[in-house]
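A closer look at the structure
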Amino acid sequence: MALVTRQRRAQPSDLPSASLRPSKPDSYSKLDKPGKSDGSEEGDRGLRWFLPIFALGMLRYMSATSNIVHDCDEVFNYWEPLHYLVYKSGFQTWEYSSQFALRSYLYLLFHELVGRPASWLFTDEKVRVFYAVRLFLGLLSVISDATLVVALSRKYGKRLASYALAMLCLTSGCFFASTSFLPSSFSMYAMSLSSGLFLLEKPGWAVAVAAAGVILGWPFSILAFLPVVLYSLARRFKQAFLSGIVSSASLLALSIVVDYYFYKRWTSSVFNLLVYNVLGGGESHLYGTEGPLFYLRNGFNNFNFCFVLALLFLAILPIARKKYTPDLLIVVSPLYIWLAFMSLQPHKEERFLYPIYPLVCVAASAVIESFPDLLHDKHNPNEPSVMVMIAKVLRPVALSLILAVSHARTFSLINGYGAPLEMYKILEHHDDAGTGSVLCVGSEWHRFPSSFFVPEFVSEVRWIDDGFRGLLPFPFNSSLGGTSAAPAYFNDKNKASEEQYLRDLEACTFLVELHLNRPYPYRGSDLSTWEPIAALPYLDRDLSPAMYRSFFIPHLWQQKNVFGMYKLLKRLPK
């Protein structure tokens, strides 16, 4: 009887042989799951393209139309030069001075392909051109993220892919980064697409897309692409090597030619940027430094418990090694490499993590999908148990919690800090001020949403001195050569120029100010000189509790937070 009892216990050897399955012996696929070994066509299909494209398309449209501008670098290094290419006016930063040539015009030209036709279509509506470019950014995100989701579905099944899709759609980090006009966002698109192509066993294309993400996007992201590139080379060396060499050489050559056309000298903005920040001992610390935990706090704000679960991916590998190694481990590994590397740098910004945002969603999805594996009986894995059933119930609970907190974060940022975009839209309704009007901006220069929001009757946007002692952008100067100019007022030390401020404040027709509860006067408080024509609430970060300003909690968000007033004022006639 003892022998009979032992024979009734299912043994690992009783499971179907891996040699009978259509998958590779050294690579896991969803067909390795119990009950999925028949290799039927129905099991192979996974998620179709329609659902990811539709879901991502809806959310990226919402992002494009409601996203705020999170970083002044996005405005002055990308929106303003694009505005100059399309309309021959806009602000120039020192990075675009021909003397330094740190920024690539090839990246801008890629977006001008949308911006210029949109300017023909919307002749007198520059704001629509702004949103047309944003919709294009959203489309790129939809294509890349949908490829990643479909690849996950075909490789690991619908459940993991569905979790990843939900997080790619709704987590705050992906919602905001997907339509930001930044090279780090472009590298994020490339990361999703390259990872998806890698899982679809197209290593040549994966390497080519990675090269585009580095050269056309952000050169520093090369470190994040290394695992997929190196493993692609190891898997199919000739195909991946030729693809990488051809795409890299072509893009670098094109970048140099484009830089020559605009800077009017032979140079490489890709090389210049690397030299300035790495070989040349760049002084990015001049623009602020943060502690080593900055990205951990930032990651939780933008992904909440999704970020925590993503960091636990390595911890579950001993249990889920058969499922997730080597392919998914290769795809997810840049999350840890990039996070560790960037945390060691003194100058930190939220956008620097954008390239690995999709991987946070993938890693967290894999952990949630593996909840039952952590609690099953290793001697009898096919027999259901109470703990396994509880783990399965925890899957949707964890996902729902992540999505709910993400919505709270997204709502708080859009409603708390959306005033600048909406305020500048109001300008176009005050054309009675006449052609040649001057818009003045003081301490709020860093929230200027771009010249796309400045109507034609405003001839100038001028900065006024509110105590800032760093270097501010200047308008592109066509008389000095436009994009090829190397104005003397630019420097790479972040030292203010004497010419950057308007001294005659009587020339100001409009004034933009943020009025907070502070013990000092504001120019706009002088109602004998200025008439408020619009005012919108703006979340006061310094006086609001961290939890309530970071996440929307019904009723408490309005009660606990402190708000200032973002004002647009017009000079009264004398």
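In this report, the structure presented in the accompanying data block is examined. Counting of residues starts from 1 at the beginning of each chain's written sequence and follows it residue by residue. Selection of residues for local features in this predicted model requires a pLDDT of at least 70, selection of side-chain atom pairs for listing and counting requires 80 or more, and totals for whole chains, interfaces and linings are taken over all residues. Values reported for side chains reflect all heavy atoms of the structure, with hydrogen atoms and water molecules removed beforehand.

**Re the overall build of the protein**
For clarity, the cut-off: Here a strand is any run of E in DSSP of at least two residues, a helix any run of H or I of at least four, and the numbering for each starts at the N terminus. Only protein chains enter the accessibility calculation, which uses a 1.4 Å probe; a residue whose area is less than 20% of its type maximum is buried, one above 50% is exposed, and one in between is partly exposed. Throughout, a residue-residue contact means that at least one pair of heavy atoms, one from each residue, lies within 4.5 Å. The Shrake-Rupley method, run with a 1.4 Å probe sphere, supplies the accessible areas, and residue values consider only the shown protein chains as cover.
Regarding its fold elements, the protein presents 24 helices and 7 strands. Scored against the burial criterion, the 574 residues of the protein give a buried share of 54%. For the protein, the proportion of contacts with a sequence separation of at least 24, taken over those separated by at least 6, is 76%. Accessible surface computed for the protein: about 25,900 Å², of which carbon and sulfur atoms make up 63%.

**Let's talk about the pattern of salt bridges**
Under the convention used in this document: Here a salt bridge means any side-chain nitrogen of Lys or Arg lying within 4 Å of a carboxyl oxygen belonging to Asp or Glu.
Per the stated rule, a full pass over the model turns up 23 salt bridges. Across the pair arginine 159 and glutamate 369 runs a salt bridge whose closest N-O atoms are separated by 3.7 Å. Of this pair, arginine 159 sits in helix 7 (residues 158-170) while glutamate 369 sits in helix 19 (residues 357-369), and the two are 210 residues apart along the sequence. Among the residues examined, arginine 159 registers a relative accessible area of 37% and is labelled partly exposed.

**Some words on the packing of aromatic side chains**
Keep this limit in mind: Side-chain rings of Phe, Tyr and Trp, where Trp is taken by its six-membered ring, are said to pair if the distance between their centres is within 6.5 Å; with planes under 30 degrees apart they count as stacked, over 60 as edge-to-face, and otherwise as tilted.
A complete count under the given rule lists 57 aromatic pairs for this structure. A centroid spacing of 5.6 Å and a plane angle of 35 degrees characterise the contact between tyrosine 107 and phenylalanine 181, whose relative ring orientation is tilted. In this pair, tyrosine 107 sits in helix 5 (residues 105-121) while phenylalanine 181 sits in the loop between helix 8 (172-177) and helix 9 (183-199), placing the two residues 74 residues apart along the sequence. The pair tyrosine 107 / phenylalanine 181 is uniform in exposure class, with both members buried. A centroid spacing of 5.3 Å and a plane angle of 15 degrees characterise the contact between phenylalanine 237 and phenylalanine 241, whose relative ring orientation is stacked. Here the residue phenylalanine 237 and the residue phenylalanine 241 both occupy positions in helix 12 (residues 237-263), the gap between them amounting to 4 residues, near one helical turn. On the basis of relative accessible area, phenylalanine 241 is assigned to the partly exposed category, the value being 39%.

**Some details on the state of the cysteines**
Stated precisely, the cut-off is as follows: Count a disulfide wherever a pair of cysteine sulfur atoms falls within 2.5 Å.
Counting across every chain of the model gives 1 disulfide. Between cysteine 440 and cysteine 508 runs a disulfide, and the two sulfur atoms are separated by 1.9 Å. The sign of the -90 degrees torsion about the S-S bond sets the cysteine 440-cysteine 508 disulfide as left-handed. Linking cysteine 440 in strand 2 (residues 437-441) with cysteine 508 in the loop between strand 4 (474-475) and strand 5 (510-515), this pair joins segments that are 68 residues apart in sequence. For the pair shown, cysteine 440 and cysteine 508 are each scored as buried.

**Quick look at the nonpolar core**
General note: in soluble globular proteins, nonpolar side chains tend to be found buried as a group. For the record, the criterion: For our purposes a nonpolar core is just a set of buried Ala, Val, Leu, Ile, Met, Phe, Trp, Tyr and Cys residues, chained together by side-chain atoms within 4.5 Å.
By size, the foremost hydrophobic cluster in this structure holds 158 residues, and its most contacted members are Leu152, Phe313, Tyr324, Leu439 and Trp463. If one sorts the elements of this core by residue count, helix 6 (residues 126-156) sits on top with 15 residues. What tyrosine 324 contacts, discounting residues up to four positions off in sequence, is Tyr156, Leu160, Phe313, Ile316, Leu317, Leu329, Ala366, Glu369 and Ser370. By size, the runner-up hydrophobic cluster in this structure holds 8 residues, among which are Ile464, Leu502, Trp530 and Leu569.

**So, helix 19**
Worth spelling out the cut-off: Take the number of residues in a helix, subtract one, and multiply by 1.5 Å to get its expected span.
Between its first and last C-alpha atoms helix 19 spans 19 Å; for 13 residues at 1.5 Å apiece the expected length is 18 Å, and the two agree. When you tally the buried positions in helix 19, you get 13 out of 13 residues, the bulk of the element.

**Overview of the packing of helix 3 (residues 50-66) against helix 7**
Short version of the rule: To obtain an axis, a line is fitted to C-alpha atoms, over the contacting stretch when the element is a helix, and the angle between two such axes runs from 0 to 180 degrees between their N-to-C directions. Relative orientations are named as follows: roughly parallel for angles under 35 degrees, roughly antiparallel for angles over 145 degrees, roughly perpendicular for angles from 65 to 115 degrees, and oblique for any other angle. Definitions for this section: a left-handed crossing has its near helix turned counterclockwise from the far helix by less than a right angle. A right-handed crossing has that turn clockwise. Throughout this entry, Asp, Glu, Lys and Arg are counted as charged residues, while Ala, Val, Leu, Ile, Met, Phe, Trp, Tyr, Cys and Pro are counted as nonpolar. The remaining residues, Gly among them, count as polar.
One way to put it is that helix 3 packs onto helix 7 with a least axis distance of 9 Å and a crossing angle of 15 degrees. Judged by the angle between their axes, helix 3 and helix 7 are roughly parallel. Here helix 3 runs over helix 7; the crossing is right-handed. Listed contacts from helix 7 to Leu51, Pro52, Ala55, Leu56, Leu59 and Arg60 of helix 3 are Leu165, Leu168, Cys169 and Leu170. Of the residues in the contact of helix 3 with helix 7, the class split is 9 nonpolar, no polar and 1 charged.

**Examining a nonpolar patch on the surface**
Spelled out, the test is: Patch membership needs two things, relative accessible area over 30% and no salt bridge, and members are linked within 9 Å if like-charged or within 5 Å if nonpolar (Val, Leu, Ile, Met, Phe, Trp, Tyr).
A cluster of nonpolar side chains, namely Ile319, Leu374, Leu375, Val386, Met387, Ile390, Val393, Leu394 and Val397, defines an oily patch on the protein surface of about 780 Å² accessible area. Looking at the nonpolar patch, the elements that each hand over two or more residues are helix 20 (371-375) and helix 21 (386-417). Within the element layout of this structure, valine 397 appears in helix 21. Look at valine 397 and you get partly exposed, because its relative accessible area is 47%.

**Quick word on the sheet that holds strand 7 (residues 563-571)**
What counts, and what does not: A pair of strands counts as paired when DSSP detects no fewer than two bridges linking them.
Taken in spatial order, the 5 strands make up an open sheet running 3-2-5-7-6, and their pairing is mixed. Edge positions in the sheet fall to strand 3 (458-463) and strand 6 (530-539), since each has one partner strand and no second. Strand-to-strand twist in this sheet, taken as the mean axis angle between neighbours without regard to direction, amounts to 20 degrees. Bridge count between strand 2 and strand 3: 5 bridges; the pairing is parallel. Bridging across to strand 3, leucine 439 finds its partner in valine 461. Helix 22 (residues 419-426) contacts strand 2, strand 5, strand 6 and strand 7 of the sheet and is inclined by roughly 155 degrees relative to strand 6.

**Considering helix 12**
Across its 27 residues, helix 12 extends 37 Å between first and last C-alpha, which sits within 8% of the 39 Å expected from 1.5 Å per residue. Of the positions making up helix 12, those classed as buried are Ala240, Gly244, Ser247, Leu251, Ser255, Val258, Asp259, Phe262 and Tyr263. Where helix 12 ends, the next residue or the one after it, lysine 264, has phi of about 60 degrees, a positive value.

**Considerations on unusual backbone geometry**
Put simply, threonine 325 and proline 326 share a cis peptide bond, and its omega is 0 degrees. Following the sequence through the fold, proline 326 ends up in the loop between helix 16 (313-324) and helix 17 (327-332). The backbone of histidine 555 shows a phi angle near 75 degrees, a positive value even though the residue is not glycine. You can see histidine 555 is positioned in the loop between helix 23 (546-550) and helix 24 (556-560). Residue histidine 555 is classed as exposed on the basis of its relative accessible area of 61%.

**Let's talk about the environment of serine 192**
In this fold, serine 192 is placed in helix 9. Once residues lying within four places of it in the same chain are set aside, the contact partners of serine 192 are Ser144, Asp145, Leu148 and Pro358.

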